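Coordinates in review
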Amino acid sequence: MNLSLSLRIMLLVLVTSCTLVAGMLLTVYQLEVANYELVVTERNLAEINRLSTELELTQQHRVLGLEAFAARLLNANGELLSKEAMQHLLRQPSVAKDLFPDGLIVFDSKATAIAESQFAEGRLGTNYADRPHFRRAKETKESVISEPILGRVTGLPLLSYLHPVLSVDGDILAYAGGILDLANTPLLEEAKGVETKTSATTLIIDPEHRLFVSMRERFNKPQPLPEEGKDPLVDAALSLTPPGSLVNYQEQQYLVASMQLASPKWIVLRALPYSEVVAPARKAFLQFLSIALTLTLLIATLGIWVARSLTQPLVEMTKRIDEMADAGRIENDFKEVGNTEVFALARAMNRLASEQKAANLAVRQAERFLANVLDSASEISIIATDTEGLITAFNRGAERMLGYKESEMVGKQTPAVMHLDAEIEERAERLSQELGRPIEGFRVFVEKADQFGSEKSEWTYLHKSGYPISVSLVVTTLRNDADEVTGYLSIAEDITEQKQIDKLKSEFISTVSHELRTPLTSISGALGLIVGGTFGDLPEKAKNLITTAYRNSQRLSYLINDLLDIEKIAAGKLHFDMKVQFLMPLIEQALESHRNYGSDRGITLRVAGNTPETLVRVDSQRLMQVLANLISNAIKFSPDFEEVTLDIESDSDKVTVSVIDKGPGIADSFRDKIFQRFAQADASDTRAKEGTGLGLSISRELIEKMGGRIDFESTEGKGSRFFFELPLHQSTTNRSLVTTQATENKKPRLLIVEDDPDVANLLSIMLNEAGYEVETAYTGKDALNSIKTVSYDLVTLDIALPDICGLDIIQQLRGEPKTAHLPIIVISAKIEEGRLAINGDLLNIDWLTKPIDQGRLTNLVQKNLSEHQHQNLRILHVEDDIDLHNVICSMVGEHVNFKMAASLKDARRALATEDFDFILLDLGMPDGSGWDLLPEIRHSHPNAKVVILSASDLTQEEYNTVEAALLKSRLSPKQLIDEISTRTVKPQSKAED
């Protein structure tokens, strides 16, 4: 329907006026009706309340009359009248007889009727103690009104009033009772001139007995209530319908109000025909309607006149615009004349025409540019969709990647056609769990982009021919000027080749970890034992060759470790065992392990600053790796006979550890590359130094992972200062930690039995320097007394003592259970005589001849302490490499009983038939993973300690399932022995304590 502007304005004015008036009329009518409903409802409630109040006053009047009558049942002494006197009293006129015309009764204290005003057969002598109102009167000792009781003869309600007669002490002497038969006596007197004549209906209902009752009238026979659903007013009363509710009754609506009385529990309902309620409102509404219609007619007339006067000048302008639209272009030839509105419109049309021409030109250029970009991206898939998922753009790169033509996809398909169903379902489930609401259909692809503007993720595209394509997909939202989402843009890059490269790299790393590190561990471990003199002294030339081989095997191990660490860091798989510990012991340990590194060039190491109470939360192994890297670099680049300084400074929240050298410094051109991978300066002297160029890069990653930062300062030609900062661990338990560590690192206690003070002093100095706590006894008697009162870990014993022969002391010690296995080292110039005297009958005795060799002494002490601690220790080594097993056996020593299992099958057989204290477990076994064996170990050997001996780092979750994990590439005899010592230490007996 095409209406002119003037007609539309007139219709708008007319419709607006009519709508306004109709709304006002409807509002006024509803307000009037609601007001009258409220008034009538309040009136009905007021009438019911008045009735309730009148009933309450009447009941109180009867109760007071009964109380007065009860007082007359006592004589002047407060005693109960005799039955004859009571009967005489009941026959006399009284207020109580007027209030209870249906009878007065007196009951004794046990609720038995003993006197009555009106004779009823069988009542006297009957006990009523089981009646509810008697029980209430007895409990409360107050007046009680019973609930309505149906008379046995009349079938009509009766009310029983009861008042206890109390003695001076408050005991119940009797009960005074009154009967009200509603068939004879109404509850209320007949009202006179109270209510005006209306069509109101009043119902009074006894809900317990389902009877119609009355308060002001007698009723001669019971009127039972109709069945439920037969009478809507009765149903409304029984359900206590809220005041103001409408009820359909006898083909018309009634406005009802109801209330349940307090006593008796009767329900009173008043109902008024709804037509009478709203009659005044309708009358007022008709008056208002006539006034409103008159006003509406006047407004419509005025609107028509105004509309015509306003729209006439626009008709000609509209006609001109239609002509331009028919011609297909907008010309800027509108005449800018006429009234203000026409002038402004003409001017705006001319301006619009000019800007439209420029905009059309810009759009055509942008479309050409976008089309060229999309077509040029031949290796990238670019797909656009609308908000419902229907594809709206499909570039040549998408055609080339997926095999579909643009004509097959645009306007016909959604992205689901080129995705794997299983991948969509898995992504939908993950998103639903993450967001807490179901995500399905097209929302699976764009939900995150809607939330964050874009999302990058990996998907698997499905080529038209059916083969999968791994892609990196970026989804972004397309928005209009109002920032509303109008569609989505998906840009995908084929990463199938990159995935294959990553897989090859992972396989290569796995090969390096197992096939290279395992034999290298055996080679390096065996060479280390030989270099350490475990198998005796070597010729000088052979020793030099072995030392060179050992040093280069270590270099190769460091290179492999650095390469694998870099890869693990990049993949986020490097494990950190973060613990709170003191910093200085770690610094001192790192310093001690490097003292000999530059000793051949005269380079010394020094610590500046000492903070013994400094606590940090670090992985000690990783921190030692950083310190080793910085210290070794400083030594390598220091001139001969110079000093490398470790400086430790702490403030309120961090500690700074600096490694300072006096080397050539770092060139300005190399500063930005110093922490990059494989970064080494190009100067010939620098390139000649050993190293992989990975150390500083790894150190930076390790320090940052432990919450710190690393940096350097350098002046070319004057040296460098590399430093790292770590946050201090603020704890109130520093002192307890010190105490705990002191207890855990308690030194072994040794007893020197030597009569020569000079020799005893020399032994004490040697053993103190080796880290032992030493006590001295100069006679055999003092030695035996000390051993009885103090628990020693080892005894050195001279045979030639002034009071007791050393051999006798040995016999006594071996005869006592407490010292039967105490290690003893005999230090004497006559050891051959001693050996002959003992003749090998006693165990745990070693012999050292004088003069004393300090190295030999400390080795013997350490060997005996270790053997004593691990006596009868059985270790199951689950390992398929026999060479590595032999190296580990050599590392630990012959005092430990090793059993090798070359497969999981052999390991299970050994676990089922033998007992083990300690289990070394390799993960890569020929018939499965070592992890598969762990539950069986925990079941069959719950007290055995399990240490993983692996070629690669474990995850935190894996690490938590075992006691410890050692890397094959970093395994040393000390580390292995220390780990066994830590994990298998036996508790001391009470005797030893």
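Before reading further, recall that the structure is shown in the block above.
First, a word on what this report is: a plain description of the structure on this page. Along each chain, the written sequence defines residue order, and numbers are assigned to residues from 1. At least 70 in pLDDT is required for a residue's local features to be given in this predicted model, at least 80 for side-chain atom pairs to be given and counted, and no such filter applies to totals for whole chains, interfaces and linings, which use all residues. Hydrogens and water are ignored here; the side-chain numbers use all heavy atoms of the structure.

In this section: the overall build of the protein. Starting at the N terminus, helices and strands are each numbered in turn, a helix being any DSSP run of H or I of at least four residues and a strand any DSSP run of E of at least two. Counting its secondary structure elements, the protein contains 28 helices and 36 strands. In the protein, which comprises 993 residues, the share counted as buried stands at 40%. Here the contacts in the protein between residues at least 6 apart in sequence split such that 60% fall between residues at least 24 apart. As displayed, the protein offers around 55,000 Å² of accessible surface, 53% of which is attributable to carbon and sulfur atoms. A simple rule labels every residue: compare its accessible area, found with a 1.4 Å probe on the protein chains alone, to the largest value its type can have, and call it buried under 20%, exposed over 50%, or partly exposed in between. Whether two residues are in contact is decided by their heavy atoms: any pair within 4.5 Å suffices. Values of accessible area rely on a 1.4 Å probe in the Shrake-Rupley scheme; residue burial ignores everything except the protein chains shown.

Method remark: on a 1 Å grid restricted to protein atoms, a set of points is classed as a cavity if a 1.4 Å probe fits but cannot get out and as a pocket if it is open with protein on both sides within 12 Å along at least five of seven lines; lining residues have an atom within 4 Å of a point. Grid points are joined across faces, edges and corners, and a volume is the space filled by probe spheres set on the points. Scanning all chains against the criterion turns up three cavities of 30 Å³ or more. The volume enclosed by the largest cavity comes to roughly 80 Å³. Lining the largest cavity we find 13 residues, and of these P415, F442, F445, V475 and S490 sit closest to its centre. Elements represented by at least two residues in the lining of the largest cavity include exactly β13 (380-386), α11 (443-452), β16 (468-479) and β17 (485-494). Just so you know the grouping, Ala, Val, Leu, Ile, Met, Phe, Trp, Tyr, Cys and Pro go in nonpolar, Asp, Glu, Lys and Arg go in charged, and all remaining residues, Gly too, go in polar. Classifying every residue of the lining of the largest cavity by side-chain character gives 10 nonpolar, three polar and no charged.

Let us look at the pattern of salt bridges. Salt-bridge detection follows one rule: a side-chain nitrogen of Lys or Arg within 4 Å of a carboxyl oxygen of Asp or Glu. Taken as a whole, this structure holds 26 salt bridges when the rule is applied. With its nearest N and O atoms 2.4 Å apart, the salt bridge here joins D450 to R443. Under the relative-accessibility criterion, D450 is labelled partly exposed at 25%. Of the residues examined, R443 reaches a relative accessible area of 28% and is grouped as partly exposed. Salt bridges linked by common partners bring R437, R443, E447 and D450 together as one network.

With that settled, consider the packing of aromatic side chains. Whether two aromatic rings pair depends on their centres lying within 6.5 Å, for rings of Phe, Tyr and Trp, where Trp uses its six-membered ring; planes under 30 degrees apart make the pair stacked, over 60 edge-to-face, and the rest tilted. If you walk through the whole model with that rule in mind, you get 12 aromatic pairs. With 5.0 Å between their ring centres and 65° between their planes, F100 and Y161 make a pair best called edge-to-face. In this pair, F100 sits in the loop between α3 (95-99) and β1 (104-108) while Y161 sits in strand β5 (residues 157-166), placing the two residues 61 residues apart along the sequence. Neither residue differs from the other here; F100 and Y161 are each classed as buried. Relative to F445, the ring of F442 lies with its centre 6.3 Å away and its plane at 50°, an arrangement referred to as tilted. Judged by its relative accessible area of 16%, F442 falls in the buried class. Pairwise contacts between aromatic rings join F107, Y128, F134 and Y175 into one cluster.

Next up on the list: the sheet that holds strand β19 (residues 604-608). If you trace the five strands from one edge of the open sheet to the other, you get β19-β21-β22-β24-β23, paired in mixed fashion. The open sheet has two edge strands with one neighbour each: β19 and β23 (709-715). Sheet twist, expressed as the average angle between the axes of neighbouring strands with direction ignored, equals 15°. Paired strands, in this sense, are two strands between which DSSP finds at least two bridges. As paired elements, β23 and strand β24 (residues 719-727) share seven bridges and run antiparallel to each other. Of the residues in β24, the one forming a bridge with E713 is R721. To obtain an axis, a line is fitted to C-alpha atoms, over the contacting stretch when the element is a helix, and the angle between two such axes runs from 0 to 180 degrees between their N-to-C directions. Together, β19, β21 (643-650), β22 (654-661), β23 and β24 form the strand contacts of helix α15 (residues 620-636), whose direction differs from that of β24 by roughly 170°.

Turning next to the side chain of S381. Mapped onto the fold, S381 is located in strand β13. Ignoring any residue separated from it by four or fewer positions in sequence, one finds S381 in contact with N395, G397, A398, M401, Y461, S490, I491 and A492.

Our focus in this paragraph is the environment of E406. Summarising the element assignment, E406 is placed in helix α9 (residues 406-409). Considered as a pair, E406 and A393 are 13 residues apart in the sequence and their alpha carbons are 7.7 Å apart. The contacts of E406, once residues within four sequence positions are left out, are F394 and E399.

Glancing now at the pairing of β21. Sheet topology places β19 next to β21; five bridges connect them, and they run parallel. Within β21, the residue paired with R606 across the bridge is T645. The antiparallel pairing of β21 with β22 creates a hairpin that spans three residues between the two strands.

We now examine the packing of helix α10 (residues 421-435) against α11. Two elements in contact, α10 and α11, have axes separated by 9 Å at closest approach and are oriented at 35°. Contact residues: α10 offers I424, R427, A428, L431, E434 and L435, while α11 offers V444, F445, E447, K448 and Q451. Here the residues of the contact of α10 with α11 sort into six nonpolar, one polar and four charged.

What follows is about the nonpolar core. The nonpolar core is taken to be a set of buried Ala, Val, Leu, Ile, Met, Phe, Trp, Tyr and Cys residues, with the residues joined through side-chain atoms within 4.5 Å. Membership of the largest hydrophobic core comes to 41 residues, with the highest contact counts inside it found for L623, F724 and L726. At the level of secondary structure, the elements contributing two or more residues to this core comprise α14 (583-593), β20 (615-618), α15, β21, β22, α17 (695-705), β23 and β24. In terms of residue count, the dominant contributor to this core is α15 (eight residues). Those residues in contact with F724, other than ones at most four positions away along the chain, are L623, V626, L627, L630, V655, T656, V657, I703, R709 and I710.

Another point: unusual backbone geometry. Of note in this structure, K141 is not a glycine but carries a positive phi near 55°. Mapping K141 onto the fold places it in the loop between α4 (132-140) and β3 (144-145). Non-glycine residue F641 carries a positive phi angle of around 60°. Tracing the chain through its elements places F641 in the loop between α15 and β21.

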